[in-house]
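Chain and residue survey
So the chains spell out like this:
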Amino acid sequence: MADGTRRAIVERLTERPQSVRDLADGLPVTRSAVSQHLKVLKDAGLVSERAEGTRRIYRLNPAAVAAMRDQLDTYWQRALAGYQKLANDPTEDDR
Amino acid sequence: MTETQAPVVRQQVVVDAPIDRAFAVFTERFGDFKPPEHNLLASPIAETVFEPRVGGHIYDRALDGSECRWARILGLEPPDRVVFSWDIGPQWQVETDPDLTSEVEVRFVPESATRTRVELEHRHLDRHGPGWQSLSEGIDDDQGWALYLDRYAALLKEGS
């Protein structure tokens, strides 16, 4: 159940940044429970918060996202460099 | 959203090899040039097999005999093109739901009789998680879009 709630929170944050109250109003859990889930997500670097008046607004952290894309970018860069080396080497022709 | 933040990775290299050889090296020697650090198995990889047929797989076989099938061959048109799925989630674990996988296309374009340009496109990265495109709406300081966060969130259950 805890996992399902956290998943629901992430899905709601993909729609728009929102406060604990906004999130709790749409879910069958207390604000306190939402806060605890947000803390886990924040500690993992997936969610960030900012103050807006007296409220704190939570949003998904795009930096975590860009990191995934960068990781794949690096992966293929290394793979193609290795490939180029093999393909350029005429002594590999017999393989 | 700028080009660098779109859900796609594009890269290319030019090799001093005719197109037939360029294609053969890519498909037959895939395990020899793929970066080794992302082994999904518990034991070191003995070999990586690229099955050269549509419906085949790319899989790693470890020294202990275990196997990891992490890609499905979706298209194979030697010597011009190969397309395969990327069944690996954001934490480098195998994704078994095809709807949550991305896709890699590799095109081989002859520049001369002895030179070939190899263009790689890893696309549909957003399939690894739903609804990310809506993230940028209403966020004036948004730096990009969210990818994989649904999967991330699922992985956090150990901490709950």
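See the structure above.
Read on for a plain summary of the structure. (Residues numbered from 1 in each chain as written. Chains lettered and ligands numbered in written order. Predicted model: local features only at pLDDT ≥ 70, side-chain atom pairs only at ≥ 80, totals over all residues.)

Brief notes about the overall build of chain A
Scanning chain A from terminus to terminus reveals four helices and three strands. Walking chain A from its N terminus toward its C terminus, one meets helices and strands in the order α-β-α-α-β-β-α. In chain A, buried positions account for 27% of the 95 residues. Taking the intrachain contacts of chain A between residues at least 6 apart in sequence as the baseline, contacts between residues at least 24 apart amount to 36%. (Helix = DSSP H or I, 4+ residues; strand = E, 2+ residues; numbered from the N terminus. Buried ≥ 20, exposed ≤ 12 C-beta atoms within 10 Å, placed from the backbone. Contact = placed C-beta atoms within 7 Å.)

A closer look at the overall build of chain B
When its secondary structure is counted, chain B shows three helices and seven strands. Reading chain B from its N terminus to its C terminus gives the helix and strand order β-α-α-β-β-β-β-β-β-α. Expressed as a percentage of the 160 residues in chain B, the buried residues total 31%.

Focus: the sheet that holds strand S2 (residues 47–52) of chain A
All names here are of chain A. Pairing is antiparallel in the open sheet, where three strands are placed in the order S1-S3-S2. Strands with a single pairing partner mark the edges of an open sheet, and in this sheet they are strand S1 (18–19) and S2. Where S1 lies against strand S3 (residues 55–60), two bridges are found, and the strand directions are antiparallel. By the bridge assignment, Gln18 is partnered in S3 with Tyr58. Sitting on the sheet, helix H3 (residues 31–43) touches S2 and S3, and the angle it makes with S2 is about 115 degrees. (Pairing = 2+ DSSP bridges. Axes fitted to C-alpha atoms, helices over the stretch in contact; angles between N-to-C directions.)

Such coordinate-based values are descriptive only and should not be taken to indicate function.
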